[in-house]
Amino acid sequence: MRRSGTIARQVLWVRAGRHDGGLRAAVDRPLIERRFPKRRYPRYDAEVEAVVPVSPAVVPAPPVDEVAAVVPVSPAVLPAPPVNEAVAIAIPLLPGARTAARRMKFVLVNGCTLASLTLGMLAIFLAMQGEVRPAALCLIACVAFDGLDGALARRLGVASPFGAQMDSLADMCSFGLAAPVVVYASLAGSVPPAAAAVACALVASCAAIRLARFNVSPKDGRFFCGVPTTMAAAMLALTVAIGLPVSGLVLLGGVALLAFAMVSSFPYAKLARLVKLPPWVWLVPVVGALVDIRLTFALVVAGYLLSGPVLWLRQRRTI
């Protein structure tokens, strides 16, 4: 009873203190906390009432700068790259000293490349009009100009990446497109048109693959990896120009075989290596051409195509 009476009296003091301006509450509050440390009276605590509790569900919003720094960036939307305000500089087509003499040499070399391209277009036009042999002669002239531009570029010291790319594009137009068109025109009437179209499309496709592989492959000074497009076009042009006495189906099979030889991995000797052969080796085909040029040409082409697999087997055995 005494304890309950004490509690009642303390409560009355606290309430009376509130009516008295909080003076007695300030005086009796330490007494209550000392006797009852575990009890809380937030209703009568002026300091507790001044502090407003924050709900855990309502979190104060962080500053805008911190939100922008934390927000993740979607992988589908990449940030815009910094704008380069530097002025674009054109890359010179001719590296090195740009004197008037070197420019004239550069123009001469690329003029040979453009001449090869123009003759290839002329071969296509002649083949479309049915003039097959003049078209084949234009292809032979393309081969001559194609070899001339490379030799002049190295001789005059104006070789450049631009010239190499331009030569590759001209080869595709002259040897990858003009040569199959001329062959297709020569096969008209002797084989089904669909079969001739497939064989010529195969030549164009393999020529494109061969040229692209040549541009990205390391260069070997001794051998070609596959029959080069220039030599393949020369074989096709000479076949049409001299008119081999074979059936259309045999000629169609030879065209397909030549197309696969361009994209093969067989090593074929370059012309510079063939020139170093003994003189008697060159004397045989010359004498044979005087006797029968068609048979000699067929044997030379067959021997060159077979030399690739033979060299490949020889290299495999030595390894």
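Residues numbered from 1 in each chain as written. Predicted model: local features only at pLDDT ≥ 70, side-chain atom pairs only at ≥ 80, totals over all residues. Heavy atoms only, no water.

**Thoughts on the overall build of the protein chain**
Helix and strand content of the protein chain: 13 helices and two strands. Taking all 319 residues of the protein chain together, 30% fall into the buried category. Carbon and sulfur atoms make up 70% of the accessible area of the protein chain, which amounts to about 21,200 Å² in all. (Helix = DSSP H or I, 4+ residues; strand = E, 2+ residues; numbered from the N terminus. Buried < 20%, exposed > 50% of the residue type's maximum accessible area, 1.4 Å probe, protein only. Areas by Shrake-Rupley, 256 points an atom, 1.4 Å probe, with all protein chains shown as cover.)

**Regarding the packing of helix 9 (residues 229-242) against helix 13 (residues 293-318)**
Contact pair helix 9 / helix 13: the axes reach a minimum separation of 11 Å and the direction vectors enclose 160°. Classified by the angle their axes make, helix 9 and helix 13 are roughly antiparallel. Of the two possible hands of crossing, helix 9 and helix 13 adopt the one that is left-handed. Contacts between helix 9 and helix 13 involve Met231, Met235, Leu238, Thr239 and Ile242 from the former and Arg294, Phe297, Val301 and Tyr304 from the latter. (Axes fitted to C-alpha atoms, helices over the stretch in contact; angles between N-to-C directions. Parallel < 35°, antiparallel > 145°, perpendicular 65-115°, else oblique. Left-handed = near helix turned anticlockwise from the far one by under 90°. Contact = heavy atoms within 4.5 Å.)

**Observations regarding helix 9**
Each turn of an α-helix holds 3.6 residues, which means side chains three or four residues apart point in the same direction. An ideal rise of 1.5 Å per residue puts 20 Å on 14 residues; helix 9 measures up with 20 Å between its terminal C-alpha atoms. Most of helix 9 is tucked away, with twelve of its 14 residues classed as buried. Taken residue by residue, helix 9 has Thr229, Thr230, Ala232, Ala233, Ala234, Met235, Leu236, Ala237, Thr239, Val240, Ala241 and Ile242 as its buried positions. At its buried positions, helix 9 is contacted by helix 6 (132-156), helix 7 (161-186), helix 8 (193-216), helix 10 (248-262) and helix 13. Positive backbone phi, at 65°, marks Gly243, one or two positions downstream of helix 9. (Expected span 1.5 Å × (residues − 1).)

**Here's the deal with the nonpolar core**
If you look at the biggest cluster of nonpolar residues, it comprises 47 residues, and the most contacted ones within it are Leu139, Val182, Val227, Leu236, Leu258 and Met262. Of all elements in the fold, only helix 5 (100-128), helix 6, helix 7, helix 8, helix 9, helix 10 and helix 13 reach the threshold of two or more residues within this core. Of the residues forming this core, the biggest block, nine residues, is contributed by helix 9. Sequence-distant contacts of Leu236, that is, excluding residues within four places in its chain, are made with Ala179, Val183, Val203, Val255 and Leu258. (Core = buried A, V, L, I, M, F, W, Y, C linked by side-chain atoms within 4.5 Å.)

**Here's the deal with the packing of aromatic side chains**
Following the criterion strictly, the structure yields three aromatic pairs and no others. Seen from their ring centres, Phe266 and Trp312 are 5.8 Å apart, and the 65° between their planes marks the pair as edge-to-face. In this pair, Phe266 is assigned in the loop between helix 10 and strand 2 (267-269) and Trp312 in helix 13, connecting sequence segments 46 residues apart. Residue class for Phe266 comes out partly exposed when judged on its relative accessible area of 27%. A relative accessible area of 32% means that Trp312 is categorised as partly exposed. For the ring pair Tyr268 and Tyr304, a centre distance of 5.3 Å and an interplane angle of 35° mean the geometry is tilted. Pair noted here: Tyr268 is in strand 2 and Tyr304 is in helix 13, with a separation of 36 residues, a long-range link. No difference in accessibility class separates Tyr268 from Tyr304, as the two residues are buried. Its guanidinium or amino end placed over the ring of Phe224, Lys270 lies 5.1 Å from that ring's centre, counting from NZ or CZ. (Phe/Tyr/Trp six-rings, centres within 6.5 Å; stacked < 30°, edge-to-face > 60°. Lys NZ or Arg CZ within 6 Å of the ring centre and 35° of its normal.)

**Quick notes on a nonpolar patch on the surface**
Nonpolar side chains collect at one region of the surface, where Leu283, Val286, Val287, Leu290 and Val291 lie side by side and expose about 530 Å² of accessible area between them. With respect to the helices, strands and loops of the structure, Leu283 is situated in helix 12 (residues 279-291). (Patch = residues over 30% accessible without salt bridge, like charges linked within 9 Å, V, L, I, M, F, W, Y side chains within 5 Å. Salt bridge = Lys/Arg side-chain N within 4 Å of Asp/Glu carboxyl O.)

**Side note on the environment of Leu152**
Here Leu152 lies in helix 6. The contacts of Leu152, once residues within four sequence positions are left out, are Val109, Cys112 and Gly157.

**Brief notes about the confidence of the model for the protein chain**
Detailed reading of predicted coordinates is not advised where the pLDDT is low. On average, residues of the protein chain carry a pLDDT of 78, and 71% of them reach 70 or more. Taken together, the stretch residues 14-27 has pLDDT below 50 and engages in twelve contacts with residues farther than four places along the chain or on a different chain. In this model residues 41-52 is a low-confidence stretch, pLDDT under 50, and it forms twelve contacts with partners more than four residues away in sequence or in other chains. (pLDDT = per-residue confidence, 0-100.)

**A short note on the state of the cysteines**
The tally for this structure, following the rule as stated, stands at zero disulfides. Cys142 takes part in no disulfide bond, and the closest cysteine sulfur, belonging to Cys138, lies 6.9 Å away. Of the residues examined, Cys142 reaches a relative accessible area of 0% and is grouped as buried. (Disulfide = S-S within 2.5 Å.)

**Looking at the packing of helix 9 against helix 10**
Packing of helix 9 against helix 10 leaves a shortest axis separation of 10 Å and a crossing angle of 170°. Compared by their axis directions, helix 9 and helix 10 come out roughly antiparallel. Touching Thr229, Ala232, Met235, Leu236 and Thr239 of helix 9 are Leu251, Val255, Leu258 and Met262, all from helix 10. Across the contact of helix 9 with helix 10, the residue classes break down as seven nonpolar, two polar and no charged. (Nonpolar A, V, L, I, M, F, W, Y, C, P; charged D, E, K, R; others polar.)

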